[in-house]
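Examination of the molecular architecture
The chain contents come next:
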Amino acid sequence: FGIIYFKKSINENKKEAEITKIEENVSASNIIEDVEYSSKDTKGNEYIVRAKEGEIGNDNSNIIFLNNVEALVNLSDSNKILIFADYGKYNISNFDTIFSKNVKIEYLEKRIESGYLDFSILRNSMIISKDVVYSDLENILKTDVVKINLETRDINFFMLDKKNKIKIINQR
C-alpha cells in the first residue's frame, strides 16, 4: 500500500484516467438500441412506445431515457393517437411517459405541436405545454396548455397567465 501511495503523480493521473474510463464504459452499457415497450389496460386500450435508443436510469432502473421517440395510443373505442418527439422519459412500472422537444401529436385530422407532453395512463390524460399550436381542418390555436382526457375525449385549452388570451386563426 505504501509503495503505490508514493508513486509519481504521473502514474496516479494515469490510474485516475483509467478508472474514469472504466466508469464511462459501465454507464454506456445501460444503452439499449431499438427500444419498444407495449402495454394494454383492462379496457383494451393499447400503448406502444418505440425509440431509436434508450438508456436505463442510473438512480432508478424503472426509468428509461429515450431518443427519437414514437408512440402509438390505440384507444379501444376510438382512433389511434400518434406521438413523435426528440426525447422521452418512460416509466416501465406505470407506463407514464414524458415527451420533450419537437413534440408532435396526430389524431384524426387534428395536430398538436409543442415542446412538452406529459402522458399518463393512470390519470387517463395528456397535458401538453410549451409553445402549443393546435390545428385542425378549420382552426389554428396558439395556447400555453392543452389538457386531453383520454376517457371522455374532452379537450381543454388554457393560458397560464389569465391576462393573455388564446390566439385563434380561422383557416376558412
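Notes on the structure follow. (Residues numbered from 1 in each chain as written. Predicted model: local features only at pLDDT ≥ 70, side-chain atom pairs only at ≥ 80, totals over all residues. Heavy atoms only, no water.)

1. Some points on the overall build of the protein
Along the protein, the regular secondary structure elements total two helices and ten strands. For the protein, the proportion of its 172 residues judged to be buried stands at 29%. Of all intrachain contacts in the protein linking residues separated by at least 6 positions in sequence, the fraction that spans at least 24 positions is 33%. Only carbon and sulfur atoms are counted for the fraction: they give 51% of the accessible area of the protein, which is about 11500 Å². (Helix = DSSP H or I, 4+ residues; strand = E, 2+ residues; numbered from the N terminus. Buried < 20%, exposed > 50% of the residue type's maximum accessible area, 1.4 Å probe, protein only. Contact = heavy atoms within 4.5 Å. Areas by Shrake-Rupley, 256 points an atom, 1.4 Å probe, with all protein chains shown as cover.)

2. Some words on the nonpolar core
Core analysis: the biggest nonpolar cluster contains 29 residues, and I81, I83, F99, I105, L117, M126 and I128 have the highest contact counts within it. Taken together, the elements giving at least two residues each to this core come down to β2 (46-56), β3 (63-74), β4 (80-91), β5 (97-107), β6 (110-120), β7 (125-135) and β8 (139-149). Residues contacting F99, with those up to four places away along its chain left out, are Y47, V69, A71, I83, A85, Y87, G88, G115, Y116, L117 and F119. (Core = buried A, V, L, I, M, F, W, Y, C linked by side-chain atoms within 4.5 Å.)

3. Focus on the environment of K43
Positionally, K43 belongs in the loop between β1 (31-40) and β2. Those residues in contact with K43 that sit more than four places away from it in its chain are S76, N124 and E151.

4. So, the environment of D77
Take D77: it is sitting in the loop between β3 and β4. Sequence spacing of D77 and G44 is 33 residues, and the spatial spacing of their C-alpha atoms is 8.7 Å.

5. Some words on the packing of aromatic side chains
Tallying each qualifying case throughout the model produces four aromatic pairs. Judged by centre distance (6.4 Å) and plane angle (35°), the ring pair of Y47 and Y90 falls under tilted. With Y47 in strand β2 and Y90 in strand β4, this pair connects stretches of sequence that are 43 residues apart. Residue Y47 shares its accessibility class with Y90, and that shared class is buried. (Phe/Tyr/Trp six-rings, centres within 6.5 Å; stacked < 30°, edge-to-face > 60°.)

6. So, the pairing of β3
Across ten bridges, the pairing between β2 and β3 is antiparallel. Residue pairing in the sheet places V49 in a bridge with A71 of β3. Connecting β2 to the next strand, β3, in antiparallel fashion are six residues. Of the pairings in the sheet, the one linking β3 to β4 comprises eleven bridges and is antiparallel in character. Among the inter-strand pairings, N74 is bridged to a residue of β4, identified as K80. The loop that links β3 with its antiparallel partner β4 comprises five residues. (Pairing = 2+ DSSP bridges.)

7. Considering the side chain of S39
In this fold, S39 is placed in strand β1. With a relative accessible area of 11%, S39 lands in the buried category. Leave out the neighbours within four places in its chain, and S39 touches N45, E46, Y47, F95 and I121.

8. Some details on the environment of N79
Inspection of the secondary structure assignment puts N79 in the loop between β3 and β4. For the pair formed by N79 and L108, sequence separation is 29 residues and the distance between their alpha carbons is 7.1 Å. Those residues within four positions of N79 in sequence are excluded, and the remaining contacts are V73, Y107 and L108.

9. Looking at the pattern of salt bridges
When their charged atoms lie close together, side chains carrying opposite charge are able to pair. Applying the stated criterion across every chain yields a total of four salt bridges. E36 is paired through a salt bridge with R50; the nearest N and O atoms lie 3.0 Å apart. With E36 in strand β1 and R50 in strand β2, this pair connects stretches of sequence that are 14 residues apart. R111 is the partner of E106 in a salt bridge, and the nearest nitrogen-oxygen pair spans 2.8 Å. We classify R111 as partly exposed; its relative accessible area is 26%. One connected set of salt bridges, linked through shared partners, spans E106, R111 and E113. (Salt bridge = Lys/Arg side-chain N within 4 Å of Asp/Glu carboxyl O.)

Without other data, these values stay purely geometric and don't point to any function.
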